[in-house]
Amino acid sequence: MSESGDKLRNFSQRQPVTRRQRSHKVQKGEPKKVKIPNQQRAATGAAVVTRLDNNILPPPIAPGTRKSKQGLMMPTAVKPMPTATRQMPTPPRNVKVKTVRVQKQPSPKMGRRVSKKTRLKPMARAILYAIRLLIVGVGIGAIVGTVLSVLDPANHTTPTNPTTSNNSGQVQPKPGTTNSSTGLYLSQEIPTLKNAVQELAAANPNLTPGVFLVDLDTGGYVNINADNSLPAASTIKVPVLIAFFQDVDAGKIRLDEMLTMQQEMMVGGSGNLQSNPAGTQYAALEVATKMITISDNTATNMLITRLGGIEAVNQRFQSWGLTSTAIRNPLPDLQGTNTTSPKELGNLLAMVSQGKLVSMRSRDQILDIMRRTERDHLLPSGLDQGARAYHKTGDIGTMLADAGIIDTPTGKRYIAAVMVQRPHNDPRAEKLISSISRTAYQAFSQSPPTPSNTTSTIPPTGYQSPIIAAPAPQTPISGYQPPVVNQQYYPPR
């Protein structure tokens, strides 16, 4: 008994440690354990096995008791806990765990799903309403825009009858429009006038004329080789003048701006600026005026340089829709490398007359400068007294040309552009141009202006010819005196 008592004493000293370990395991694995009385807990703790010595055999296992692990034995003084008492807490633990998983966990998840759907439903409805309102708004805007475009009076200005149309017969764009295809309205060719011009050309077999005549009131025209690209001579100065006033309208050039004549700009031929020393300064308007009135070649080169050079000027011509008009060499171009065509010159003059490409104020200045062209032995020589010619001539050895706008005393306005290829300096070309001008003037002056010119149907951009109150005094054609220049365009310098 003393040996077993010592063993029991040693076992009881370790009992608290063993009890704490079992209590820790029970807290993890079994959240809710049935409490055991202290007496029974002591008996259970006493039933903890201890390692046997090598000389002691394990006692036999009694029926109804639980088999201990190999190498362990139960103390003889402590009875083992019945199996029924250890199995009592097990069923409630399993039942509670299943109850928590099946009954408590699914119910909150189902509640969250239902609430999420409930929250998204109003948001989806709001988005759908917004999309529907957007579609309806776009549809209403398209309908209103279509109705306004149909009711816009600007879309109904095109005349339906070409005989009662004004200068263009088309809706006039704003000044600065660069589409030459809308610059001139053409209705039908005038056969009687065309036959008369062809007879004049046939009488001069060595001359090849290019003729473009247009009645700006009716759109009747004559086209004889007018699309051919021909040497421009000094008629190239007309598009240069238009480009200059375009930059004036854009604010890039001032009329009183001083331009300096450089040595490389000074050339011979027509004009008098080259007689002054290099470095002399001239006002821009004076340079542009001399380029047309006395056909000054030095002034032309000065303006081309001020406009950005030959390449920039050619790009401007292309933006207007011109395909034959181009500058390839500075003036004077005696070889005829600079080219244009009678039809393109006529289109440019028609657009200027209608206030296109340039503003109305610049249009008036261009016509006033061209009216003062000093060389008047070509187109003006075929006109009667009281008629006005706004024109520019061109003269090199192989080409003689004159292009302009003609106003008759009856109020008729027409375009005349005649270019004649000739043997070197053949004087018959001058007579041919004068004869063609006379024939065209007689044909156009016989038909009075259409009634639309005397009513309010004239567009605000159309140029109104001055009304002749009384016949002009009978003076020779060579002594034709143009009206006095409006001094407001030329401030004193």
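This is a predicted model, so every value here is computed, not measured. Along every chain, residues carry numbers that run from 1 in the direction the sequence is written. Local features in this predicted model are restricted to residues whose pLDDT is 70 or higher, and side-chain atom pairs enter the listing and the counts only when it is 80 or higher, whereas totals over whole chains, interfaces and linings include all residues. The side-chain quantities take in all heavy atoms of the structure and omit both hydrogens and water.

Undergrad: What exactly am I supposed to notice about the overall build of the protein chain here?
TA: Put simply, DSSP marks the helices as runs of H or I at least four residues long and the strands as runs of E at least two long, and each gets a number from the N terminus on. Broken down by element type, the protein chain carries 13 helices and eleven strands. Burial classes: relative accessible area under 20% of the type maximum marks a residue as buried, over 50% as exposed, and values in between as partly exposed (1.4 Å probe, protein chains only). Among the 493 residues that make up the protein chain, the fraction classed as buried is 39%. Any two residues whose heavy atoms approach within 4.5 Å at even a single point are treated as in contact. Residue pairs in contact within the protein chain that sit at least 24 positions apart in sequence constitute 69% of those at least 6 positions apart. Surface accessibility in these figures is a Shrake-Rupley result with a 1.4 Å probe; residues are shielded only by whichever protein chains are displayed. Only carbon and sulfur atoms are counted for the fraction: they give 57% of the accessible area of the protein chain, which is about 28,000 Å².

Undergrad: Any chance you could explain the packing of aromatic side chains here in plain terms?
TA: The description of two aromatic rings rests on the distance between their centres and on the angle between their planes. Pairing of aromatic rings covers Phe, Tyr and the six-membered ring of Trp, with a centre-to-centre limit of 6.5 Å; geometry is then stacked below 30 degrees between planes, edge-to-face above 60, and tilted otherwise. Scanning the model with the defined rule gives three aromatic pairs in all. Measuring from centroid to centroid gives 5.1 Å for Phe244 and Phe245, while their planes differ by 80°, and the two rings are edge-to-face. Take Phe244 and Phe245: they sit in the same class, and that class is buried.

Undergrad: I'm lost on the sheet that holds strand β4 (residues 221-224) in this one. Help?
TA: Note on sheets: strands pair through backbone hydrogen bonds, and any given pair is parallel or antiparallel. Taken in spatial order, the five strands line up as β4-β3-β11-β10-β9 in an open sheet, and their pairing is antiparallel. Looking at strand neighbours, the two that pair on one side only are β4 and β9 (388-396), the edges of this open sheet. The mean inter-strand angle of the sheet, taken between neighbouring strand axes irrespective of direction, is 10°. Pairing between strands is defined by DSSP: at least two bridges between them are needed. With nine bridges connecting them, β9 and strand β10 (residues 399-407) associate as antiparallel partners. By the bridge assignment for β10, Arg388 is matched with Asp407. Here, axes are lines fitted to C-alpha atoms. For helices the fit covers the stretch in contact, and angles between N-to-C directions go from 0 to 180 degrees.

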